[in-house]
Amino acid sequence: MATIPLAVLDLVPISSGSTAAQALRNSIDLARQAERFGYARYWFAEHHLNPGVAGTSPAVLLALTASATSTIRIGSGAVQMGHRTALSTVEEFGLIDALHPGRLDLGLGRSGGRPAETAREPALVSGATVVDGRAPNGLPIPPKFSFAHLLASPRFALQKTLLQLPGARSQDYTEQVGDILDLLRGTYRSPEGEEAHVVPGEGAQVQLWILGSSGGESANVAGANGLRFAANYHVSPGSVLEAAEGYRAAFRPSAELDRPYVSVSADVVVAGTEAAARELAAGYGPWVRSIRTAEGAIPFPAPAEARAIPWSEADRELVADRVDTQFVGTAGQVADRLEQLREATGADELVVTTITHDHKDRVRSYRLLAEEWHRR
């Protein structure tokens, strides 16, 4: 399985009783370790107003991580373009690329201040047959989760207010991706014919990725531009098949790619025994619940703390799709599940995201998985 690259997605989680500063130090250390373990990429997510997540600025984190590593590719998974401009994004990544050329992945996402009413419905794709909640090879495909209540929550409105300038509107995402491509290539022209040349940024050796959770606009814009696409099984497992298929259906060859290229993410916890892994993963359900209730991600609880949190059947239903599709167990068990995910989605790469309360357990999880993966 070593021919299928494994990558890391880091949210910079804050553990209960710890601090954001310690979480940042842990992430820098984990990036160094992931490079040593043989992971192909190390990506940072972008999240805001979450008490338990310190990954607010991928570009800043990447600048710090680039100086602490030397060979692993590093990138954003993803920059939230709903509150940003194409120019500011190209400038930031251009600055990092100027000192660390050829190592950056610029992953773009649609979220972050984007008004819910402008979001486009997913394209209709046939999808692989799902019977009794499973793909043909047995991979769990739960019912799709609706994010409507999160988009309508006061917290989402507050985030949008704080991220965007008063009166600002998010740019059409398809146009925005086109502007980024033009700025990187040095071919940007305004409607009036004015040229824009970004220094540093134009000609940067940046690999562009589009992240998406459905077969909608993100999958379409990735395919139409011949870009790499990252589908989110760990965020939206119910729509991962339609996301991958929608991208492939929209794909047109480009100077960058002559065929579709897909990575797929998964939540993973590995330990020496299945029982030990499940103990380490005990805080995952309450952590996901805090996100799904629009409370914002809580500091990740220790196993004993997680067991003391009141839990109802409604809570279980709210997080069932995420908990039931988290890969937890020994390195061999988790590697088998990852292979099942790869087979069902046709992924060219797999992205692993792991959260445990103690940093040493998180590092060990990644080490055990990498050792098993490279043995196969």
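Residues numbered from 1 in each chain as written. Predicted model: local features only at pLDDT ≥ 70, side-chain atom pairs only at ≥ 80, totals over all residues. Heavy atoms only, no water.

Chemist: Please clarify how the overall build of the protein should be interpreted in this entry.
Modeler: If you tally the helices and strands in the protein, you get 14 helices and 10 strands. For 376 residues, the compact-globule estimate of 2.2 N^0.38 gives 21 Å, and the protein sits close to it at 20 Å. Along the three orthogonal principal directions, the C-alpha set of the protein runs to about 65 × 40 × 40 Å. Within the protein, buried positions represent 55% of all 376 residues. Restricting the contact set of the protein to residue pairs at least 6 apart, pairs at least 24 apart contribute 76%. On the protein, roughly 15,900 Å² of surface is accessible, and the fraction owed to carbon and sulfur atoms is 55%. (Helix = DSSP H or I, 4+ residues; strand = E, 2+ residues; numbered from the N terminus. Rg over C-alpha atoms; globule rule 2.2 N^0.38 Å. Buried < 20%, exposed > 50% of the residue type's maximum accessible area, 1.4 Å probe, protein only. Contact = heavy atoms within 4.5 Å. Areas by Shrake-Rupley, 256 points an atom, 1.4 Å probe, with all protein chains shown as cover.)

Chemist: Help me understand the packing of helix 2 (residues 58–68) against helix 3 (residues 86–99), please; the structure alone is not making it clear to me.
Modeler: Packing of helix 2 against helix 3 brings their axes to within 10 Å, and their N-to-C directions diverge by 0 degrees. In terms of orientation, helix 2 and helix 3 fall into the roughly parallel class. Where helix 2 abuts helix 3, its residues Ala59, Leu62, Ala63 and Ala66 lie against Glu92, Phe93 and Ile96. Among the residues making up the contact of helix 2 with helix 3, the classes are represented as 6 nonpolar, no polar and 1 charged. (Axes fitted to C-alpha atoms, helices over the stretch in contact; angles between N-to-C directions. Parallel < 35°, antiparallel > 145°, perpendicular 65-115°, else oblique. Nonpolar A, V, L, I, M, F, W, Y, C, P; charged D, E, K, R; others polar.)

Chemist: Can you help me understand the packing of aromatic side chains in this one?
Modeler: The description of an aromatic ring pair rests on the distance of the ring centres and on the angle between the ring planes. Following the criterion strictly, the structure yields 10 aromatic pairs and no others. Ring centres of Phe145 and Phe147 lie 5.0 Å apart, and the angle between their planes is 80 degrees; on these two criteria the pair is classed as edge-to-face. Here the aromatic cluster, defined as three or more aromatic residues joined through ring pairs, consists of Trp43, Trp209 and Tyr261. Positioned over the ring face of Tyr261 is Arg228, at 5.6 Å from the centre of the ring. Sitting over the ring of Phe145, Arg292 keeps its end group 3.5 Å from the ring centre. (Phe/Tyr/Trp six-rings, centres within 6.5 Å; stacked < 30°, edge-to-face > 60°. Lys NZ or Arg CZ within 6 Å of the ring centre and 35° of its normal.)

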